[in-house]
Amino acid sequence: MPAITYEIIHQDKNTNARAGILHTPHGSFLTPIFMPVGTKATVKGVSPEELKDLGARIVLSNTYHLFLRPGAELVREAGGLHKFMHWDGGILTDSGGFQVFSLGELRKIKEEGVTFRSHIDGSKQFLSPEVSMEVQMALGADIVMAFDECIPYPADYEYAKESTARTARWARRSKDAMTANNQGLFGIVQGGMYEDLRRQSAKELVEMDFPGYAVGGLSVGEPKELMYEMLQVSTSELPENKARYLMGVGTPDYFIESVMRGIDMFDCVFPTRVARNGMAMTHTGRIVIKNACYEHDHNVLEENCDCYACRNGYTRSYIRHLFRSDEMFGLRLLTLHNLRFLQIFMKEMREVILEDKFLEFRTNFYVNNPNLQPKQ
RNA sequence: GCGGCUUUGGUGAAGCGGUUAACACAUCGGAUUGUGGCUCCGACACGCGUGGGUUCGAUCCCCACAAGUCGCC
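Caption draft 1: How the structure looks around the packing of aromatic side chains. Counted by the stated rule, this structure contains 16 aromatic pairs. Judged by centre distance (5.8 Å) and plane angle (75 degrees), the ring pair of Tyr-228 and Tyr-254 falls under edge-to-face. Separated by 26 residues along the polypeptide, Tyr-228 in helix H9 (residues 224-236) and Tyr-254 in helix H10 (residues 252-259) bring together distant segments of the chain. For Tyr-228, a relative accessible area of 3% gives the class buried. A network of ring pairs unites the aromatic residues Phe-34, Phe-255, Phe-266, Phe-341, Phe-345, Phe-358, Phe-361, Phe-365 and Tyr-366 as a single cluster. Taking NZ or CZ as reference, Arg-166 lies 5.8 Å from the ring centre of Trp-170, over its face.

Rendered as structure tokens:
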């Protein structure tokens, strides 16, 4: 029995949206699902107990960061990442590939791997499929990601083609190096913004037979419509009976459009990062809490929300005050709210899929958020 | 009462005769999508204490007044 399996519970009649269950060694989770990001073995400002209370079941953590500090060996010594961070739910670790992309200047990509300078102390470091797998085995996450290259946007065809081919070779090497039987390795579809490369990338990965597939290299600055098109192309080549994970996407409109195209899993820093910068997410759009219009607004962030902040009556006026005063409780209130909001949003999507009402849900969403409607 | 110094936006201030009055904070907006935790990007003085004067031209020079501040009696 493989560590990670996926089963479809219901396929929406009108779209490619599906409701399912992702089985892992640390529990079985209903999809579509959102994974909060805990880069350095913690979701900033939120305890694992609070995460569980707000409905999170699986979190993402980061190979790159944990590799640099505290190091794979320390986590292994602690008994793995679950024990180290005191989280008994699911964990997915990113491979470090994205950091190679976002580090930009400080790196050099070769066939064998990537040399780069640590953002912490400037020391020279090396990551490759083999090193990434070794670290990810030490961390012991339920789902581990293949070491890939996230192609910047825009990128010319030749570069995208070369990079995508290398990512495929790295996926093969990742698979060969991943020998743990209690962890499942996902391959990552790349291909830039080129339909043929996307298809080819997906096909090659499917031949290698992973327990799940991610779509990477999207939401890197391209127009929304182009992203949806590339996503559609990517998922159309993936098998139905495996989980599909769209990496790095985290706003409601993207969720809807992606689930509609067959995505089951998401992770994103957006809800937690913007919370720290004073933004609350709601069913009717964004609240920039520092705006003057909330000075005398003694309502909660969103009516009928059962997050910690709203349920206990913390008002917009008060949270605005906390942010203007640089009080850390404000960050926590918005972080808890945003994470709960996404859990609620995922639950709503699961329910409408089960009732074959996904399209109505989508239409209704755009009525409430007309500015987010994609161009035809 | 006498003498010195100071007076630029909400705040701290740069500029000291010549095109759009620097910068920072605050304020007001916007951004943020496989996370470098207080980030990034915009906007924001039609005016330089008040009134005169000199000059082609004055925040900048001169005079008077006002306010603040320090010292002396």
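And the narrative resumes.
Caption draft 2: Just helix H7 (residues 157-177), in detail. Here H7 spans 30 Å end to end across 21 residues, near enough to the 30 Å set by a 1.5 Å rise per residue. Near the N-terminus of H7, the side chain that reaches the backbone nitrogen of Glu-158, with its oxygen 3.2 Å away, is that of Asp-156.

Caption draft 3: Summary view of the packing of helix H14 (residues 328-354) against helix H15 (residues 358-368). The interhelical angle for the contact between H14 and H15, taken along N-to-C directions, is 140 degrees, at an axis separation of 8 Å. On the basis of the axis angle, H14 is oblique to H15. Residues Phe-345, Glu-348, Met-349, Val-352 and Ile-353 of H14 lie in contact with H15, whose contacting residues are Phe-358, Phe-361 and Phe-365. Of the residues belonging to the contact of H14 with H15, the class tally is seven nonpolar, no polar and one charged.

Caption draft 4: Focus on unusual backbone geometry. Put simply, Thr-31 and Pro-32 share a cis peptide bond, and its omega is 0 degrees. Position of Pro-32 among the secondary structure elements: in the loop between strand S3 (27-31) and strand S4 (33-36). Positive phi outside glycine occurs at Ala-41, with the angle close to 65 degrees. Within the element layout of this structure, Ala-41 appears in the loop between S4 and helix H1 (48-53).

Caption draft 5: Fine view of the protein's contact with RNA strand B. Close to RNA strand B lie 42 residues, the nearest being Asn-62, Gly-248, Val-269, Thr-272 and Arg-276. Measuring from a phosphate oxygen of RNA strand B, one finds a side-chain N or O atom of Asn-291 at 2.9 Å. For the surface near RNA strand B, the elements supplying multiple residues, two or more each, are strand S5 (58-62), helix H5 (97-103), strand S14 (265-268), helix H11 (270-276) and helix H13 (316-324). Here the surface near RNA strand B gets five residues from one element, more than from any other, and that element is H11. Looking at the surface near RNA strand B residue by residue, the classes come out as 16 nonpolar, 15 polar and 11 charged.

Caption draft 6: Focus on the pairing of strand S12 (residues 212-215). Of the two faces of S12, the one lined by Gly-212 and Ala-214 and the one lined by Tyr-213 and Val-215 are each fully buried. Two strands pair when backbone bridges link them, and strand S11 (residues 184-189) and S12 are joined in this way by four bridges, in the parallel orientation. What sits directly across from Val-189, in S12, is Val-215. Across four bridges, S12 lies against strand S13 (residues 243-246) in parallel orientation. Bridging from a neighbouring strand, Tyr-213 pairs with Arg-244 of S13.

Caption draft 7: Molecular detail of the environment of Lys-108. You can see Lys-108 is positioned in strand S7 (residues 107-109). For Lys-108, a relative accessible area of 52% translates into the label exposed. Taking the C-alpha atoms as reference points, Lys-108 and Phe-323, 215 residues apart in sequence, are found 40 Å from one another. Setting aside residues up to four positions removed in sequence, Lys-108 forms contacts with Gly-113, Val-114 and Thr-115.

Caption draft 8: A positive patch on the surface, seen in detail. A contiguous patch of positive charge on the surface is contributed by Lys-108, Lys-110, Arg-117 and Lys-124. Secondary-structure assignment places Lys-110 in the loop between S7 and strand S8 (114-117).

Caption draft 9: Broad picture of H15. The set of residues buried in H15 consists of Phe-358, Phe-361, Arg-362, Phe-365 and Tyr-366. With its buried residues spanning 130 degrees around the axis, H15 presents them on a single face. The exposed residues of H15 that point more than 90 degrees off its buried face are Thr-363 and Val-367. Residues of H15 that are buried make contact with H10 and H14.

Caption draft 10: Focus on the nonpolar core. In terms of nonpolar packing, the biggest core is built from 82 residues, with Leu-246, Phe-255, Phe-266, Met-349 and Phe-358 touching the most fellow members. When residues of this core are assigned to their parent elements, the largest contribution, nine residues, is made by H14. Not counting the four nearest positions on each side in its chain, Met-349 is found in contact with Phe-255, Ile-256, Val-259, Phe-358 and Phe-361. In terms of nonpolar packing, the next biggest core, distinct from the first, is built from 20 residues, Tyr-6, Phe-29, Met-35 and Ala-214 among them.

Criteria and cut-off values
- Residue numbers run consecutively from 1 along every chain, following the written order of its sequence.
- The order in which chains are written sets their letters, starting at A; the order in which ligands are written sets their numbers, starting at 1.
- Local features in this predicted model are restricted to residues whose pLDDT is 70 or higher, and side-chain atom pairs enter the listing and the counts only when it is 80 or higher, whereas totals over whole chains, interfaces and linings include all residues.
- As a rule here, side-chain values come from all non-hydrogen atoms in the structure, and water together with hydrogens is ignored.
- In this scheme Phe, Tyr and Trp rings, the latter by its six-membered ring, pair at centre separations within 6.5 Å, and the angle between planes marks the pair as stacked below 30 degrees, edge-to-face above 60, and tilted otherwise.
- The secondary structure listing takes helices from DSSP runs of H or I that are at least 4 residues long and strands from runs of E that are at least 2 residues long, numbered from the N terminus.
- Partly exposed residues are those whose accessible area sits between 20% and 50% of the maximum for their type, while under 20% is buried and over 50% is exposed, using a 1.4 Å probe and protein chains only.
- Only when the NZ atom of a Lys or the CZ atom of an Arg is both within 6 Å of the ring centre and within 35 degrees of the ring normal do we say a charge sits over the ring.
- One fewer than the residue count of a helix, multiplied by 1.5 Å, yields its expected span.
- Nitrogen and oxygen atoms within 3.5 Å of one another constitute a polar contact, given that in protein one can donate a hydrogen and the other can accept it, and given that sequence-neighbouring residues count only through two side-chain atoms.
- Angles here are taken between N-to-C directions and fall from 0 to 180 degrees, while the axes themselves are lines fitted to C-alpha atoms, restricted in helices to the stretch in contact.
- For classification purposes, an angle smaller than 35 degrees is called roughly parallel, one larger than 145 roughly antiparallel, one from 65 to 115 roughly perpendicular, and anything else oblique.
- Whether two residues are in contact is decided by their heavy atoms: any pair within 4.5 Å suffices.
- Ten residues, namely Ala, Val, Leu, Ile, Met, Phe, Trp, Tyr, Cys and Pro, are considered nonpolar, four, namely Asp, Glu, Lys and Arg, are considered charged, and the remaining ones, Gly among them, are considered polar.
- Proximity criterion: a residue is near a molecule or strand once any of its heavy atoms comes within 4 Å of it.
- Pairing between strands is defined by DSSP: at least two bridges between them are needed.
- Within this analysis, patches are made of residues with over 30% relative accessible area and no salt bridge. Like charges are joined at 9 Å or less; nonpolar side chains (Val, Leu, Ile, Met, Phe, Trp, Tyr) at 5 Å or less.
- Throughout, the Shrake-Rupley method with a 1.4 Å probe supplies accessible areas, and for residues the shown protein chains are the sole cover considered.
- Put simply, a salt bridge is a Lys or Arg side-chain nitrogen that is within 4 Å of an Asp or Glu carboxyl oxygen.
- The charged-residue count follows a simple rule in which Lys and Arg add positive charge and Asp and Glu add negative charge, with His and chain termini not counted at all.
- The atoms used to mark charge sites are NZ of Lys, CZ of Arg, CG of Asp and CD of Glu.
- This arc describes the spread of directions from the helix axis toward the C-beta atoms.
- Buried Ala, Val, Leu, Ile, Met, Phe, Trp, Tyr and Cys residues that are joined via side-chain atoms within 4.5 Å together make up what is termed a nonpolar core.

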